[in-house]
Amino acid sequence: MKKGVMRPGHVQIRVLDIDAAVKHYTELLGLIETDRDEQGRVYLKAWTEVDKFSVVLRPADEPGMDFMGFKVVDEASLQQLERDLEAYGVELEQVPAGDLKDCGRRVRFVSPSGHSFELFCEKKYLGKWGVSEINPEAWPRGLKGMKALRFDHCLLYGPELQATYDLFVDVLGFYLAEQVLEPDGNRIAQFLTLSTKAHDVAFIHHEEKGMFHHASFFLETWEDILRAADLITMTDTSIDIGPTRHGLTHGKTIYFFDSSGNRNEVFCGGDYIYPDHKPTTWQAEQLGKAIFYHDRQLNERFLTVLT
């Protein structure tokens, strides 16, 4: 494993109606708006996150994900990762500091699956929202909606999973936590992590490149998931499936859609993983149980509704 990449840093999501999207992500998910810029983008963070933003909403004509960013330990590590990526044959785009407000320079590349990723090491530090870093209370008052604790991961659909795996594992230092294999050993789903989390990014095989399945946000308890389900109904928000449990990662989950059709997940629990653990393997014929442990069959929307 190579050192340097720490964790997911942000995701930029395209939305059709910025006002409706802000209402969804702040009043329902419970994120906090921290800024706006001249491009009309809105910056959001969850209350436990210390950097200025983890979600950027961009007004656009079609929904989806523009890019996902990972935070790197320091500038020296970022420079080394640039050299490693270039040596691996990856074409890099330099995005200057300030392109995202209060974020340092970013190094962007496209994975073989067709998704845009970027690495950065500097972003304005705000600290947790509503609680002190000295003698902090358990949680802040004034949180809204689902009270999301953090942006956790993205699930992405695209082709060339093996080449994407090689890039993330061999160059960026991720390791494989969980996978789905066909009878011939071909991997059709891979859950990659940088930490002890079940995954920081995941990929499922799909013929079309660059498709966005969902952005996921962490909640604390199963009761929080049930409360999220109540809020989805109270607000007439479009639901995908849940509350239920995954077989993959064993997280408790519910899926729903923002006002532009982008899928969100909130979840709690899930497995932990260390680098010396062998990856958990699911057989493709058990995919229904792997994705929806209780129903044991696939929801067609889950497989086909992508942005």
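Note that the structure is a prediction, hence the values are computed from the model and not measured. (Residues numbered from 1 in each chain as written. Predicted model: local features only at pLDDT ≥ 70, side-chain atom pairs only at ≥ 80, totals over all residues. Heavy atoms only, no water.)

Draft legend 1. The arrangement of the pairing of strand β2 (residues 32–36) in detail. In the sheet, β2 pairs with strand β3 (residues 42–45) via four bridges, with the strands oriented antiparallel. Paired with Arg36 across the strands is Val42, a residue of β3. Two successive antiparallel strands, β2 and β3, enclose a turn made up of five residues, where Gly40 displays a positive phi of approximately 85°. (Pairing = 2+ DSSP bridges. Helix = DSSP H or I, 4+ residues; strand = E, 2+ residues; numbered from the N terminus.)

Draft legend 2. Just the sheet that holds β3, in detail. The strand order β2-β3-β4-β1-β5-β8-β7-β6 describes an open sheet built from eight strands, whose pairing is mixed. The sheet is open, and its two edges are formed by β2 and β6 (93–95), each paired on a single side. Taken over all neighbouring pairs, the strand axes of this sheet differ in orientation by 25° on average, direction set aside. Across four bridges, the pairing between strand β5 (residues 64–72) and strand β8 (residues 116–120) is parallel. Looking at the pairing, Lys71 lines up with Phe120 of β8. Strands β1 (5–15), β5, β6, β7 (106–110) and β8 of the sheet are contacted by helix α2 (residues 75–87), whose axis makes an angle of about 145° with β8. (Axes fitted to C-alpha atoms, helices over the stretch in contact; angles between N-to-C directions. Contact = heavy atoms within 4.5 Å.)

Draft legend 3. Here's a closer look at the side chain of Lys52. Considering the arrangement of structural elements, one finds Lys52 in the loop between β3 and β4 (55–59). Reaching out from Lys52, the side chain makes a polar contact with the side chain of Asp35 at a distance of 2.6 Å. Setting aside residues no more than four positions away along its own chain, Lys52 makes contact with Thr34, Asp35, Leu44, Lys45, Lys101, Asp102, Lys123, Lys124 and Leu126. (Polar contact = N/O pair within 3.5 Å; in protein donor to acceptor, adjacent residues only side chain to side chain.)

Draft legend 4. Local environment of the packing of aromatic side chains. Taken as a whole and judged by the stated rule, the model has 12 aromatic pairs. Measuring from ring centre to ring centre gives 5.0 Å for Phe117 and Phe168, while their planes differ by 75°; the resulting arrangement is edge-to-face. Separated by 51 residues along the polypeptide, Phe117 in strand β8 and Phe168 in helix α3 (residues 161–171) bring together distant segments of the chain. The exposure classification of Phe117 matches that of Phe168, with both residues buried. Relative to Tyr274, the ring of Tyr272 lies with its centre 5.7 Å away and its plane at 70°, an arrangement referred to as edge-to-face. Under the relative-accessibility criterion, Tyr272 is labelled exposed at 58%. You can call Tyr274 partly exposed: its relative accessible area is 42%. Taken together, the ring pairs in this structure connect Phe70, Phe109, Phe117, Phe168, Phe174 and Phe203 into an aromatic cluster. When the ring centre of Phe53 is taken as reference, the NZ or CZ atom of Lys123 above it lies at 3.9 Å. Across from the ring centre of Phe218, 4.2 Å away, lies the NZ or CZ of Arg150, which sits over that ring. (Phe/Tyr/Trp six-rings, centres within 6.5 Å; stacked < 30°, edge-to-face > 60°. Buried < 20%, exposed > 50% of the residue type's maximum accessible area, 1.4 Å probe, protein only. Lys NZ or Arg CZ within 6 Å of the ring centre and 35° of its normal.)

Draft legend 5. Highlighting the nonpolar core. In terms of nonpolar packing, the biggest core is built from 61 residues, with Leu57, Phe70, Leu119, Met146, Phe168, Val201 and Val266 touching the most fellow members. Here the element with the most residues in this core is α3; it accounts for six residues. In contact with Val201, other than residues within four places in its own chain, are Met68, Phe70, Phe117, His153, Cys154, Leu156, Phe168, Phe174, Gln190, Phe191 and Leu192. Counting residues in hydrophobic clusters, the runner-up holds 20 residues, among them Ala189, Ile204, Ala290 and Ile291. (Core = buried A, V, L, I, M, F, W, Y, C linked by side-chain atoms within 4.5 Å.)

Draft legend 6. Examining the sheet that holds strand β17 (residues 280–283) more closely. What the nine strands build is an open sheet, ordered β14-β15-β16-β13-β9-β12-β11-β10-β17; its pairing is mixed. Strands at the two margins of the open sheet, each flanked by one partner only, are β14 (239–245) and β17. Between one strand axis and the next, the sheet turns by 20° as a mean value, whatever way the strands run. Here helix α4 (residues 222–234) sits on the sheet in contact with β14, β15 (251–257) and β16 (263–269), set at roughly 15° to β15.

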